[in-house]
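Here is how the chains run, residue by residue.
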Amino acid sequence: MAYLFTSESVSEGHPDKVADQISDAILDEMLRQDPASRVACETLCTTGLVVVAGEVTTKAYVDVQEIVRRTIREIGYTIADYMFESDSCGILVALHQQSPDIAQGVDDDKGLHKEQGAGDQGMMFGYATKETPEYMPMALAFSHRLMSELARIRKDGKEMKYLRPDAKSQVTIQYDDKGKPARVHTIVVSTQHDDFDKNEKKMLDQIKKDVRTILIPRVIPPQMIDDKTIIHVNPTGKFVIGGPHGDSGLTGRKIIVDTYGGKGAHGGGAFSGKDPSKVDRSAAYASRHIAKNLVAAGVADECLVQVAYAIGVAKPVSIFVNTYGTAKVKNAKGQIMHDEEIAEKIDAIFDMRPRAIIERLGLRMPIYRETAMYGHMGRKYEEREVTLNYVTHKKTATSVTETRKQTKKKVKFFAWEALDHVAKVKAAFKVK
């Protein structure tokens, strides 16, 4: 049966994404100095104010105020008229130490179990589909592309010079009777802008024209758009007041934008501001890694992976797989494998204990600020050299001596997007 499916994205200047980026920028700086940092950092931003709160255990010294201002500046909130500006906004910091009751379940050789356990109970999901080259749902992939390209246009400053940082997009895909993407049914783009013309109709007509002729053709394949495609641009009218002045922002409030746009499933846990001992983050990345490698290996055209944990326990309590009837591999009897058979093989290929996930994906590195905009999934895997400023403390009976060592290291960014297990998956499932 034919159907419509819609997903949305938001820009890096959206207030919730401002909060996410601040939380992850603080996390990055702590990991840059102390890879063992335990961080749960939440941010609230509103008119002229940022509040940072949470629990932290780290050897690092972090100038939180400077990180907050730098992050806001890089996003583009640098003008007083925005009513939220990097150099003048107030910043309140309320960070305290992580609860020792939680820490004992996450640290090795503490608590009831001897190896590093999950930082909390809960379930996490990973999803992949062959709809797009990045193995992401098409509606979300197109929505992200619209927002990231709009940001590039804004920062380049050569076209659409009136753009301000806040924006949202939404794309509806029409699927055919076989469940395949057929066309783009509707596109919605709302962008904050300068009040550049006293004639409001003329101003909005210019924005609509630019979105239709500059933005959309750069990111949406022309064969997916026809003369019946509906395009809404700033449908409420003028959008001058935006960002944290127009709506307060909170860390973790865009979890569907961050993952799969409503396709597949979501366990409910947010990502930003959390170090990788929190399985809300690390196991969600690992589940995406599994799903993407399964689809890329030809096990199925679509795949959802769920993993669940008990707090303080390393081994998952369950692993679940749903291939939506698209599985292509056969068992020893020559029959198409049931999803539970696929799940059993996954358990043998991918070690889903928290420590193993962290090591496999290289998660104790300053890699997170980039994840906090335009989605954590479907991004480009790459290795880049980063500067680390490791700090160590040597304690005596009367003093503590701090030493710092600066080093450069090649670091994995978006390692959960790497197709580095395809060969193992093919071998395990006997895919040619």
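All residue numbers refer to positions counted from 1 along the written sequence of the respective chain. Per-residue local features are limited, in this predicted model, to residues with pLDDT of at least 70; the limit for side-chain atom pairs, both in listing and counting, is 80 or more; totals at the level of whole chains, interfaces and linings are taken over all residues. Computation of side-chain values: all heavy atoms of the structure, hydrogens and water removed.

Student: Let's hear about the overall build of the protein chain: which residues, and what values?
Tutor: A count of helices and strands for the protein chain gives 11 helices and 13 strands. In summary, the protein chain has a C-alpha radius of gyration of 23 Å against a globular reference of 22 Å for 432 residues, a match within 12%. A principal-axis box enclosing the C-alpha atoms of the protein chain has dimensions of 70 × 70 × 35 Å. Of all 432 residues assigned to the protein chain, the portion counted as buried reaches 54%. Here, two residues are considered to be in contact whenever any of their heavy atoms come within 4.5 Å of each other. A sequence separation of at least 24 residues applies to 72% of the contacts in the protein chain between residues at least 6 apart. Areas reported here follow the Shrake-Rupley algorithm with a probe of radius 1.4 Å; residue values treat only the protein chains shown as occluding. When the accessible surface of the protein chain is totalled, it reaches about 19,300 Å², and 51% of it is carbon and sulfur. Computed over 63 positive and 58 negative side-chain charges, the separation of the two mean positions in the protein chain equals 4 Å. A run of DSSP states H or I qualifies as a helix once it reaches four residues; a run of E qualifies as a strand once it reaches two. Both are numbered from the N-terminal end. We compute the radius of gyration from the C-alpha atoms alone; for a globule the expected value is 2.2 Å times N to the 0.38, where N is the number of residues. Each residue is placed in one exposure class: buried if its accessible area under a 1.4 Å probe, protein chains only, is under 20% of its type's maximum, exposed if it is over 50%, and partly exposed if it falls in between. This count recognises Lys and Arg as positive and Asp and Glu as negative, with His and chain-terminal groups excluded. Where a charge sits is defined by one atom per residue type, namely NZ (Lys), CZ (Arg), CG (Asp) or CD (Glu).

Student: Talk me through the sheet that holds strand β7 (residues 181-193); I want residue IDs and the actual numbers.
Tutor: Strand order in the open sheet formed by 4 strands is β1-β6-β7-β8, with mixed pairing between adjacent strands. In this open sheet, the two edge strands, each paired with only one partner strand, are β1 (3-10) and β8 (230-233). Looking at each pair of strands side by side, their axes are set apart by 15° on average, direction ignored. Pairing between two strands requires that DSSP report at least two bridges joining them. As paired elements, strand β6 (residues 163-175) and β7 share 10 bridges and run antiparallel to each other. Paired with Y175 across the strands is P181, a residue of β7. The axes are straight lines fitted to the C-alpha atoms, using for helices just the contacting stretch, and the angles between their N-to-C directions are given from 0 to 180°. With respect to the sheet, helix α5 (residues 200-219) is in contact with β7 and β8, its orientation differing from that of β7 by roughly 135°.

Student: Describe helix α2 (residues 64-75), and please don't skip the residues or the numbers.
Tutor: The length a helix should cover is 1.5 Å for every residue beyond the first. Taking 1.5 Å per residue as the helical rise, α2 with its 12 residues ought to reach 16 Å, and the 17 Å between its terminal C-alpha atoms agrees with that figure. All of the buried residues along α2 are V64, I67, V68, R69, T71, I72 and I75. Buried residues in α2 make contact with α1 (15-33), β3 (49-57), β4 (90-96), α4 (138-156) and β6. Trailing α2 by a residue or two, G76 shows a phi angle of about 125°, which is positive.

Student: How would you explain the packing of helix α8 (residues 279-297) against helix α10 (residues 354-361) if you had to name every residue and give the values?
Tutor: Here α8 crosses α10 at 65°, and the two axes come no closer than 10 Å. Once α8 is placed against α10, the crossing between them reads as left-handed. Residues V279, S282, A283, Y285, A286 and H289 of α8 lie in contact with α10, whose contacting residues are P354, I357, R360 and L361. Residues are sorted three ways: Asp, Glu, Lys and Arg are charged, Ala, Val, Leu, Ile, Met, Phe, Trp, Tyr, Cys and Pro are nonpolar, and all the rest, Gly among them, are polar. Residues that form the contact of α8 with α10 fall into these classes: 7 nonpolar, 2 polar and 1 charged. If you view the pair so one helix is near and one far, a crossing is left-handed when the near helix is turned anticlockwise from the far one by less than a right angle, and right-handed when it is turned clockwise.

Student: Could you give an account of the packing of aromatic side chains, with specific residues and numbers?
Tutor: Any Phe, Tyr or Trp ring, taking Trp's six-membered ring, that has another such ring centre within 6.5 Å forms a pair; planes under 30 degrees apart are called stacked, those over 60 apart edge-to-face, and the others tilted. Per the stated rule, a full pass over the model turns up 9 aromatic pairs. Consider the rings of Y162 and F196, whose centres lie 4.7 Å apart with planes at 25°: the pair is stacked. Here the residue Y162 occupies a position in the loop between α4 and β6, and F196 occupies one in the loop between β7 and α5, the gap between them amounting to 34 residues. With relative accessibility at 34%, the residue F196 sits in the partly exposed group. Following the ring pairs from residue to residue traces out a cluster consisting of F271, Y285, F414 and W416. Taking NZ or CZ as reference, K345 lies 5.9 Å from the ring centre of F429, over its face. Here R384 stacks its cationic end above the ring of F413, 3.8 Å away from the centre of that ring. Remark: a charge is flagged as sitting over a ring if the NZ atom of Lys or the CZ atom of Arg is within 6 Å of the ring centre and within 35 degrees of the ring normal.

Student: Could you give an account of the pattern of salt bridges, naming the residues involved and the relevant values?
Tutor: Each salt bridge in this description consists of a side-chain nitrogen of Lys or Arg and a carboxyl oxygen of Asp or Glu lying within 4 Å of one another. All chains considered together, the criterion is met by 32 salt bridges. As a salt-bridge pair, R152 and E149 come within 3.0 Å of each other at their nearest N and O atoms. On the criterion of helical spacing, the pair formed by R152 and E149 is a turn pair, its members being 3 residues apart in helix α4. With a closest N to O distance of 2.9 Å, E417 and K292 form a salt bridge. One end of the pair, E417, is in the loop between β13 (400-413) and α11 (422-429); the other, K292, is in helix α8, with 125 residues separating them in the sequence. Across the pair, exposure class does not vary: E417 and K292 are buried alike. Through salt bridges with shared partners, a single ionic network connects E149, R152, E159 and R218.

Student: An account of the side chain of N293 is needed here, citing residue identities and associated values.
Tutor: Here N293 is to be found in helix α8. Non-local contacts of N293, meaning those with residues more than four positions away in its chain, are made with F350, A418, L419, D420, H421, V422 and V425.

Student: So, the environment of D210: which residues are in play, and what are the values?
Tutor: Among the secondary structure elements, D210 is positioned in helix α5. Residues D210 and T43, spaced 167 residues apart in sequence, show a C-alpha to C-alpha distance of 34 Å. Ignoring anything within four residues of it in the chain, the contact list for D210 reads M160, Y162 and L215.

Student: Any details on the side chain of K17? Residues and values, ideally.
Tutor: On the secondary structure map, K17 appears in helix α1. For K17, a relative accessible area of 1% puts it in the buried group. Any pair of N or O atoms that falls within 3.5 Å is considered a polar contact. Within protein, one atom must be able to donate a hydrogen and the other to accept it, and sequence-neighbouring residues count only if both atoms are side-chain atoms. A polar contact is formed between the side chain of K17 and the side chain of D20, at a distance of 2.8 Å. Filtering out sequence-adjacent residues up to four positions away, K17 remains in contact with V10, S11, E12, K254, D258, A372 and M373.

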